[in-house]
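# Structural overview for review
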Amino acid sequence: MKNSLRMFLLGCLLLVGAAAQAQNRLTGVVLDSLTKEPLAFASVFLANTTFGSSTSDQGKFEISRVPNGTYDMVCSYVGYRLSKQSVTMSGPSQQFTLLLSPVGNSLGEVVIKPEPNKPEEYKQFSELFLGGTQFSEQCRVSNPEAVRVFFDEEDKQLRARAKEYLQVDNDALGYRLKYFGLEFSYDPEDGAVSYYGEPVFEEMKPKDEAQQKLWAANRLKAYNGSFMHFLRSVYRNRLRTENFMAQQIKVTVNKRFGQTDSLRQMLLERHPDGSDLTRAEKDSLTLWSRSGPVYATLNPTALPIDSIRQVSADGKRVFLRFSGELQVAYFGEAPDPRYKRAMSPLGGSRTTYPALREVSRLRLNRHRAEIQADGSLRNPLDVSVGEYWGFEKIGEFLPFDYVPTTPAPATTPGRSK
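Residues numbered from 1 in each chain as written. Predicted model: local features only at pLDDT ≥ 70, side-chain atom pairs only at ≥ 80, totals over all residues. Heavy atoms only, no water.

Naming follows an unreviewed UniProt entry, where the chain appears as Carboxypeptidase-like regulatory domain-containing protein of Hymenobacter jeollabukensis.

Following this line, the structure appears as structure tokens:
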């Protein structure tokens, strides 16, 4: 998942209800690729879900009640390379043979133990990975020794890798997240954070009924307005019903930026302390500082669903497809108190919108992105998200098989609170 790029409802209940009618069984065996011997107690799971299993003494596994859809099936075993393959569930049962390659040391090879993480680098990684929300504060990495954090001098980025998996216990949502094959990077220059891997969710056991209800309420709060909620709404053609509004952002290249930026730099070099600038020079600096390499213009009119949603000719595939960028507002929920950035305005309009809203940005990295019924993208790298969706991270991370159990607030655009 890139940019690392983060998560009703009558429409969604209909969606999940339809999926529940087509639940399948996935079976198979895990073998050593060289000896063909079965591997007992290997972990087999469907990434980004709660579906998983361990192999038996004979290396056999079974994952039941899997809804139709395309998944990444992942297998992990200590001393072997992580295995991943795409599977499409569309029938009552499918069987697989998974071959794992051992990671053996060559004879005479010297194994060097990595240096301990520097406390300040690990702290920065942990804060960027877990996020800064109220739910993120209730997340903890239970195996910090499993991650190697270092500053890459070659490209000047902070990186982190997990040889096996990084485990995060989310006490706010009641999930134990195991992030296999984690690759994390942070660019201090532009603030870009990206991470990817193969996560699997496990339900934590609540201490009592009160905690179970709290987890259910927190999960719903994390879901409402999330990117997954948005994608499910687009898939079901229920964008407005689910309290979303999409607006077009037109991005135009500023052809004069190079010239104005050069003038600004020259003026600053001539007056390094800024004390002897004339009023006209100060006005010029103020004007030039407002100029960027691109201009972003918001069209305040809400886009119709057909402007961002495309359905294949046979009606079986749904895509996000639009030009430029989208600004997406979700109405009826206040942002996390720790989100200090002002919400982007919705532009001048005769429509009165609810004061409570969360505003995000969305850009396609390709001409379109295919959406699956569970609110996932067939290729997560097809899109980039920003603003509020970029702020939410592991603290709000939900499995794709999450099913909301309580209707969302019935607030719709056009009705002020």
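Here the narrative resumes.
## Thoughts on helix H4 (residues 227-235)
Definition in use: Categorising residues by exposure relies on relative accessible area from a 1.4 Å probe, with only protein chains included: less than 20% of the type maximum marks a residue as buried, more than 50% marks it as exposed, and the intermediate range marks it as partly exposed. Helical segments are the DSSP runs of H or I of at least four residues, strand segments are the runs of E of at least two, and each set is numbered from the N terminus.
Most of H4 sits out of view: eight of its nine residues are buried. All buried positions along H4 are accounted for by Phe227, Met228, His229, Phe230, Leu231, Arg232, Ser233 and Val234. Within two residues after H4, asparagine 237 carries a phi angle of roughly 60 degrees, on the positive side.

## Section: the packing of aromatic side chains
Counted only if it meets this: The rule is short: rings of Phe, Tyr and Trp, with Trp giving its six-membered ring, pair when the centres are within 6.5 Å, and they are stacked under 30 degrees, edge-to-face over 60, tilted in between. Geometrically, a lysine NZ or arginine CZ counts as sitting over a ring once it is within 6 Å of the ring centre and also within 35 degrees of the ring normal.
Counted under the stated rule, the structure contains 22 aromatic pairs. A network of ring pairs unites the aromatic residues Tyr122, Phe125, Phe129, Tyr179, Phe184 and Tyr195 as a single cluster. The aromatic ring of phenylalanine 319 is capped on one face by arginine 368, whose charged end is 3.7 Å from the ring centroid.

## Notes on the sheet that holds strand E6 (residues 83-89)
Going by this rule: Criterion used throughout: strands pair if DSSP finds at least two bridges between them. Axis angles are defined between N-to-C directions and span 0 to 180 degrees, where every axis is a line fitted to C-alpha atoms and, for a helix, only to the segment in contact.
If you walk across this open sheet you meet the four strands as E3-E2-E5-E6, and the pairing is antiparallel. Of all strands in the sheet, those with a lone pairing partner are strand E3 (52-54) and E6, marking the two edges. On average, each strand axis in the sheet is tilted by 20 degrees relative to the strand beside it, whichever way the strands run. Sheet analysis places strand E2 (residues 43-46) next to strand E5 (residues 69-76), joined by four bridges and oriented antiparallel.

## Looking at the pairing of strand E21 (residues 383-387)
Most of E21 is tucked away, with five of its five residues classed as buried. In this sheet, E21 lies alongside strand E19 (residues 357-364) in antiparallel orientation, the contact comprising five bridges. Bridge assignment links arginine 361 to a residue of E21, and that residue is glycine 386.

## Points about the sheet that holds strand E7 (residues 93-100)
Think of a sheet as strands paired side by side through backbone hydrogen bonds, with each pair either parallel or antiparallel. Read from one edge of the open sheet, three strands run E4-E1-E7, paired in mixed fashion. Taken across any chain shown, the strands that pair with only one partner, and hence form the sheet edges, are strand E4 (60-67) and E7. Strand after strand, the sheet turns through a mean of 25 degrees between neighbouring axes, direction not considered. Note: strand E1 (residues 23-32) against E7, eight bridges, orientation parallel. The residue bridging threonine 27 from the neighbouring strand is glutamine 95, located in E7.

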